[in-house]
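So the chains spell out like this:
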Amino acid sequence: MKLQPQMGVEGGALWLARVATQSLIEEVRLSPKPGLVDSRGNGAHHDLTLDLMERSAHSLSPTFHALALQSWQRPADIALRQLVGRLGREGEVQMMVATGGVNTHRGAIWALGLLVSAAAMHGLEGSSSDIAATAAKLASLPDSSAPKVFSKGLLATRRYRVHGAREEAQLGFPHIMNLALPQLRRSRQSGATEQQARLDALMAIMTSLSDTCVLSRAGLEGLEVMQNGARSVLVAGGTATVEGRAALAWLDKQMLALNASPGGAADLLAATLLMDSIAIDTTPLHTLI
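This write-up is about the structure you can find in this document. Note that the coordinates shown come from a computational prediction; the quantities given were computed from them, not determined experimentally. (Residues numbered from 1 in each chain as written. Predicted model: local features only at pLDDT ≥ 70, side-chain atom pairs only at ≥ 80, totals over all residues. Heavy atoms only, no water.)

A word on the overall build of the chain
Move 1: Secondary structure summary: the chain contains 13 helices and 0 strands in total.
Move 2: Mapped in sequence order, the helices and strands of the chain form the string α-α-α-α-α-α-α-α-α-α-α-α-α.
Move 3: The C-alpha atoms of the chain give 18 Å as radius of gyration, which agrees with the globular expectation for 289 residues (19 Å, within 12%).
Move 4: Dimensions of the chain, computed from the C-alpha atoms along their principal axes, are close to 45 × 45 × 30 Å.
Move 5: Long-range contacts, defined here as pairs at least 24 residues apart, represent 73% of the contacts in the chain between residues at least 6 apart.
Move 6: Accessible area of the chain: about 12,200 Å², with a carbon and sulfur share of 55%.
Move 7: When the 26 basic and 25 acidic side-chain charges of the chain are each reduced to a single mean position, those positions are 4 Å apart. (Helix = DSSP H or I, 4+ residues; strand = E, 2+ residues; numbered from the N terminus. Rg over C-alpha atoms; globule rule 2.2 N^0.38 Å. Contact = heavy atoms within 4.5 Å. Areas by Shrake-Rupley, 256 points an atom, 1.4 Å probe, with all protein chains shown as cover. Lys, Arg positive; Asp, Glu negative; His and termini not counted. Charge placed at Lys NZ, Arg CZ, Asp CG, Glu CD.)

Structural notes on helix α6 (residues 128-140)
Move 1: With 13 residues, α6 extends 18 Å between its outermost C-alpha atoms, agreeing within 8% with the 18 Å of an ideal straight helix rising 1.5 Å per residue.
Move 2: Every buried residue of α6 is accounted for by Ser128, Ile131, Ala132, Thr134, Ala135, Ala136, Leu138 and Ala139.
Move 3: In this structure, the buried residues of α6 make contact with α4 (78-99), α5 (106-121), α8 (165-170), α9 (174-189) and α13 (263-278). (Expected span 1.5 Å × (residues − 1). Buried < 20%, exposed > 50% of the residue type's maximum accessible area, 1.4 Å probe, protein only.)

Re the environment of Ser216
Move 1: Relative to the helices and strands, Ser216 resides in helix α11 (residues 212-235).
Move 2: Linking Ser216 and Gly113, residues 103 residues apart in sequence, is a C-alpha distance of 24 Å.
Move 3: Here Thr212 takes part through its backbone oxygen, which lies 2.8 Å from a polar atom of the side chain of Ser216. (Polar contact = N/O pair within 3.5 Å; in protein donor to acceptor, adjacent residues only side chain to side chain.)

Observations concerning the nonpolar core
Move 1: Leu16, Phe64, Leu112, Leu115, Phe173 and Ile278 are the most contacted members of the largest nonpolar core, which has 77 residues in total.
Move 2: It is α5 that contributes the most residues to this core, 11 residues altogether.
Move 3: Excluding residues that lie within four positions of it along the chain, Leu112 makes contacts with Ala20, Ser23, Leu24, Phe64, Asp267, Ala270, Ala271 and Leu274.
Move 4: In this structure, Val28, Val37, Leu52 and Val102 belong to the second largest nonpolar core, which totals 6 residues. (Core = buried A, V, L, I, M, F, W, Y, C linked by side-chain atoms within 4.5 Å.)

Overview of the side chain of Thr21
Move 1: Tracing the chain through its elements places Thr21 in helix α1 (residues 8-29).
Move 2: Setting aside its immediate chain neighbours within four residues, Thr21 contacts Ala57, His58, Ser61 and Phe64.

Considerations on the pattern of salt bridges
Move 1: For the structure shown, the criterion picks out 13 salt bridges.
Move 2: A salt bridge links Glu54 to Arg29, with the shortest nitrogen-to-oxygen separation between them at 2.5 Å. With Glu54 in helix α2 (residues 50-59) and Arg29 in helix α1, this pair connects stretches of sequence that are 25 residues apart.
Move 3: For Glu54, a relative accessible area of 15% translates into the label buried.
Move 4: Here Arg188 makes a salt bridge to Glu194, at a shortest N to O gap of 2.8 Å. (Salt bridge = Lys/Arg side-chain N within 4 Å of Asp/Glu carboxyl O.)

Considering unusual backbone geometry
Glycine aside, negative phi is the norm for most residues, and most peptide bonds take the trans geometry.
Move 1: In this structure, Pro32 follows Ser31 across a cis peptide bond, with omega equal to -5 degrees.
Move 2: Counting through the fold element by element, Pro32 comes out in the loop between α1 and α2.
Move 3: A positive phi angle, near 60 degrees, is found at Leu124, a position not held by glycine.
Move 4: Residue classification places Leu124 among the buried positions, given a relative accessible area of 6%.
Move 5: At Phe173, a position not held by glycine, the phi torsion is positive, near 55 degrees.
Move 6: As for its placement among the helices and strands, Phe173 is situated in the loop between α8 and α9.
Move 7: On the basis of relative accessibility, which here comes to 1%, the residue Phe173 falls in the buried class.

Concerning helix α12 (residues 242-257)
Move 1: End to end, α12 covers 23 Å across 16 residues, agreeing with the expected 22 Å (1.5 Å per residue, within 8%).
Move 2: Of all the positions in α12, only Gly244, Ala247, Leu248, Leu251, Asp252 and Met255 are classed as buried. The buried residues of α12 occupy one face: seen down the axis, they fall within an arc of 145 degrees. Residues of α12 that are exposed and angled more than 90 degrees away from the buried face: Val242, Glu243, Lys253 and Ala257. (Arc of directions from axis to C-beta.)

So this is what it looks like as structure tokens:
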């Protein structure tokens, strides 16, 4: 579904909120994802379920709506950056209430929230490169009200000296723009099903992402297993091939054995699905269910 011009600001904001929420739901239902919650089960998680993840996604719809409404055709400045930060933190509170205190989508609020705001700043007339560049500009501005605490992800970036979610956004989401979106399109064009194309896009992200969720759980060993395993899937021809599916199954077993879950890659896949729907140069989000 693409936005119709006559929808206006409120209609556009509601549309963006629906698509962002649906992107989160589509990501979590996508199966089989190595180490992650999906329609098969809880993956490497003991505190997450499919139902909980979907409840979390729905709780964020008002946040995405507010971000879109407040960002509509506004320039990237410190005032907007601080407003986006405040709305995002309020969204985290809503998420925690909905999940009983379980962090389900904190990283996704950051990534999808920035992209929703950037798309609204362009009045839903931006290309994927426009949206990514605007999101990067917004993410690079200071937010004086941001909490001065170290999350697990930030601790991992400091310990292992790698880029995290903040740098990914400030660089214009290279794992979406250079890896996931191109792979999604290539797989579709080669005849893969939508499910297979999305799994291939996830693998493309995992080949090089320094996923702080994996680093926090399984260290550098887990990260190496993730990256090499994802490469093996794509080298085998992707999940549309028997060999690619076998490589994916092997990677899933390895990630479970290491208790490693690539949550950062999952957030970027959801953001990829969002970009696939809202950018004027990409195809609409397809429904798997």
